[in-house]
Amino acid sequence: MSSDSARGQVPAEVKKAQPEAENPVWLCISCLLFAASFFVLYPLLPVIVESMTENTSDASRYVGIMYASNSLTSFFLHPLLGAWADKIGRKKCLINIYTLTLVAIVGLAVSIHLKSLWLMFAFRIFNLALGQSTLTAYAADISPDQETRTRYFGYTTAAFALCLVVAPLFGGYLAEFNLVYPIL
């Protein structure tokens, strides 16, 4: 009996090779881009909606409904997105989600230009209904073990938190020039 097995350790030749983890840089960049597309309008949404309505009271109500509908939409659509991602694969799903996010961003810019509150409402919800659940599932898929998975979840959470702080600042700065600039 070898000294390794006597101590309860598995000999090196018997150990299974752990798969290498994918580089999380693209995961973080994806999280940053998706979160930025969402959070950049946070400080501007009341001003934009107020410019489309008759009074401040209506604007406040519409912004409140828009924020609430974002959560409600995510609650119902993220399980469907997860099932879709399981069916076609995470990478394909992410590519489709980022294409649709681009469509939603252009739609938001057009709706603001046209001063269409309901069109803006639809594109805003459409943008929010997309990606975070798929990004989190992708983080789980590319990590070979529990420790790496925990670290990758931390990366995605940190990327979203960073965008929660930086994107509204950036959006507010760009809005000084024109309200549509933060969207583009």
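Bear in mind the structure is a predicted one, so any value in this text is a computation, not a measurement.

1. A look at the environment of P43
Examined against the element boundaries, P43 turns out to sit in the loop between α2 (25-39) and α3 (45-52). Take P43: its relative accessible area is 39%, and that puts it in the partly exposed class. Remark: the alpha-carbon pair of P43 and P168, spanning 125 residues in sequence, is separated by 6.0 Å. With near-sequence residues (within four places) excluded, P43 lies in contact with P168 and G172.

2. Considering the nonpolar core
Ranked by size, the top nonpolar core spans 34 residues in total, and within it L27, F39, I48, V49, M120, L135 and F160 carry the most contacts. Mapped onto this core, the elements with two or more residues apiece are α2, α3, α4 (56-88), α5 (90-114), α6 (117-128), α7 (132-142) and α8 (146-175).

3. With respect to the packing of aromatic side chains
Note on aromatic pairs: each is described by the distance of the centres and the angle between the planes. A complete count under the given rule lists 8 aromatic pairs for this structure. Ring centres of F39 and Y42 lie 5.4 Å apart, and the angle between their planes is 75°; this geometry places the pair in the edge-to-face category. Accessibility expressed as a relative area gives 11% for F39, which makes it buried. Both rings, one in F75 and one in F76, keep their centres 5.1 Å apart while their planes meet at 80°; by these two values the pair is edge-to-face. Neither F75 nor F76 differs from the other in exposure class; each is exposed. Through a chain of ring-to-ring contacts, three or more aromatic side chains come together here, namely F39, Y42 and Y67.

4. Some words on the environment of L164
Relative to the assigned elements, L164 resides in helix α8. What makes L164 partly exposed here is its relative accessible area of 45%.

5. Focus: the state of the cysteines
Per the counting criterion, the structure on display carries 0 disulfides. In this model C28 remains outside any disulfide bridge; the closest cysteine sulfur is found in C31, 6.3 Å from its own.

6. Some thoughts on the confidence of the model for the protein chain
Of all residues in the protein chain, 84% have pLDDT values of 70 or greater, and the mean over the chain is 78. The least confident element of the protein chain is helix α1 (residues 3-6), whose mean pLDDT is 50; the most confident is α8, at 86. Low confidence marks residues 13-19, where pLDDT is under 50. Its contacts with residues over four positions away, or in another chain, come to 3 contacts.

7. Description of the packing of α3 against α6
Here α3 crosses α6 at 150°, and the two axes come no closer than 10 Å. Considering their axes alone, α3 and α6 lie roughly antiparallel with respect to each other. Every residue of α6 that contacts α3 at L45, I48, V49 and M52 is listed here: L117, M120 and R124. For the contact of α3 with α6, the class distribution of residues is 6 nonpolar, no polar and 1 charged.

8. Details of a nonpolar patch on the surface
On the surface, L32, L162, L164, V165, V166 and L169 cluster together into a nonpolar patch covering about 530 Å² of accessible area. Mapped onto the secondary structure, V166 falls in helix α8.

9. Focus: unusual backbone geometry
Notably, K115 is not glycine yet its phi reads approximately 55°, a positive angle. Mapping K115 onto the fold places it in the loop between α5 and α6.

What counts and how
Residues numbered from 1 in each chain as written. Predicted model: local features only at pLDDT ≥ 70, side-chain atom pairs only at ≥ 80, totals over all residues. Heavy atoms only, no water. Helix = DSSP H or I, 4+ residues; strand = E, 2+ residues; numbered from the N terminus. Buried < 20%, exposed > 50% of the residue type's maximum accessible area, 1.4 Å probe, protein only. Contact = heavy atoms within 4.5 Å. Core = buried A, V, L, I, M, F, W, Y, C linked by side-chain atoms within 4.5 Å. Phe/Tyr/Trp six-rings, centres within 6.5 Å; stacked < 30°, edge-to-face > 60°. Disulfide = S-S within 2.5 Å. pLDDT = per-residue confidence, 0-100. Axes fitted to C-alpha atoms, helices over the stretch in contact; angles between N-to-C directions. Parallel < 35°, antiparallel > 145°, perpendicular 65-115°, else oblique. Nonpolar A, V, L, I, M, F, W, Y, C, P; charged D, E, K, R; others polar. Patch = residues over 30% accessible without salt bridge, like charges linked within 9 Å, V, L, I, M, F, W, Y side chains within 5 Å. Areas by Shrake-Rupley, 256 points an atom, 1.4 Å probe, with all protein chains shown as cover. Salt bridge = Lys/Arg side-chain N within 4 Å of Asp/Glu carboxyl O.

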